[in-house]
Amino acid sequence: MAQTPKPLLYRPPPRWQWWAAFGGAVAIHLTAVAVAQKREAPAEVLADIPTAVVEATLQASEEPTPPPEDIPLPEPPPPPEITPEYVEETTPPPKQPKAQKMAPIKAPQVAGRPGAMSISSAKALATYAPRPQYPYEARSRRVTGSGVCVVEVDPGSGSVTSASMATSIGNPILDSSATIAFRQWRFKP
């Protein structure tokens, strides 16, 4: 039986590539050696440098040097006034508005509506009464005010059917916030 040649997984490079690489490396090394030898020899040190001997003598004078004069020092400046590093600033409290006599708010009397009631009796019957949100825009501009909101309540369920501003607060943002809060209110049926 004749053996069939098996495929080679590794095929060595041809001989000419190996010899070309070896010859290139030898050429580079020979060039480096030639360049290193071609450098000029260091300049010869001149041996005929004239030398001279210098003799120095120091003669002391018979008069001693006088001591330095005492210079009067100026008086130091007066010490600065001592102030504390941290001073707490006190701001006056904000001015309180003058106390006005508050009258109870009465619901507007509308003809044909026998169920109109005052705010105090409405609060007594409320089971859920969230306060209106103070919107950031109004708070940053320090907008305030007061108004009257008319709320209609379904007597069977106690939920608010409609809420509208009878007297505006003076700012549409605050009016909207108030009506949204009053629409969430719940009352005893």
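Anything mentioned here points back to the structure above.
Criteria and cut-off values
- Residues numbered from 1 in each chain as written.
- Predicted model: local features only at pLDDT ≥ 70, side-chain atom pairs only at ≥ 80, totals over all residues.
- Heavy atoms only, no water.
- Phe/Tyr/Trp six-rings, centres within 6.5 Å; stacked < 30°, edge-to-face > 60°.
- Buried < 20%, exposed > 50% of the residue type's maximum accessible area, 1.4 Å probe, protein only.
- Helix = DSSP H or I, 4+ residues; strand = E, 2+ residues; numbered from the N terminus.
- Expected span 1.5 Å × (residues − 1).
- Polar contact = N/O pair within 3.5 Å; in protein donor to acceptor, adjacent residues only side chain to side chain.
- Contact = heavy atoms within 4.5 Å.
- Core = buried A, V, L, I, M, F, W, Y, C linked by side-chain atoms within 4.5 Å.
- Lys, Arg positive; Asp, Glu negative; His and termini not counted.
- Salt bridge = Lys/Arg side-chain N within 4 Å of Asp/Glu carboxyl O.

(A) Inspection of the packing of aromatic side chains at higher detail. Following the criterion strictly, the structure yields 5 aromatic pairs and no others. Ring centres of W18 and W19 lie 4.7 Å apart, and the angle between their planes is 90°; on these two criteria the pair is classed as edge-to-face. Of the residues examined, W18 reaches a relative accessible area of 47% and is grouped as partly exposed. The exposure class of W19 is exposed, given its relative accessible area of 52%.

(B) Main features of unusual backbone geometry. Backbone geometry places R142, a non-glycine residue, at a positive phi of 55°. The exposed category is assigned to R142, whose relative accessible area is 72%.

(C) Representation of helix α4 (residues 172–183) within the structure. For α4, built from 12 residues, the straight-helix expectation of 16 Å at 1.5 Å per residue is met to within 8% by its first-to-last C-alpha distance of 16 Å. If you check which residues of α4 are buried, you get L174, D175, S177, A178, T179, A181 and F182. Of the residues flanking the start of α4, the one acting as N-cap is N171, its side-chain oxygen 2.8 Å from the backbone nitrogen of I173.

(D) Quick look at the environment of V153. On the secondary structure map, V153 appears in strand β2 (residues 148–153). Using a relative accessible area of 34% as the deciding quantity, one classes V153 as partly exposed. When the C-alpha positions of V153 and W185 are compared, they lie 9.3 Å apart, and in sequence the two are 32 residues distant. Those residues in contact with V153 that lie beyond four places of it in its chain are G158, S159, V160, T161 and F187.

(E) Structural view of the nonpolar core. V160, A163, F182, W185 and F187 together form the largest nonpolar core, which totals 5 residues. With residues up to four places along the chain from it excluded, the contact list for F182 reads C149, V151, V160 and A163.

(F) Just the side chain of D175, in detail. Note on placement: D175 falls in helix α4. One buried charge, D175, has no salt-bridge partner; the nearest side chain with opposite charge is R183, at 11 Å. Engagement of the side chain of D175 in a polar contact is seen with the side chain of S168, the distance being 2.6 Å. Among all residues touching D175, those that are not within four sequence positions of it are M165, S168, I169 and G170.

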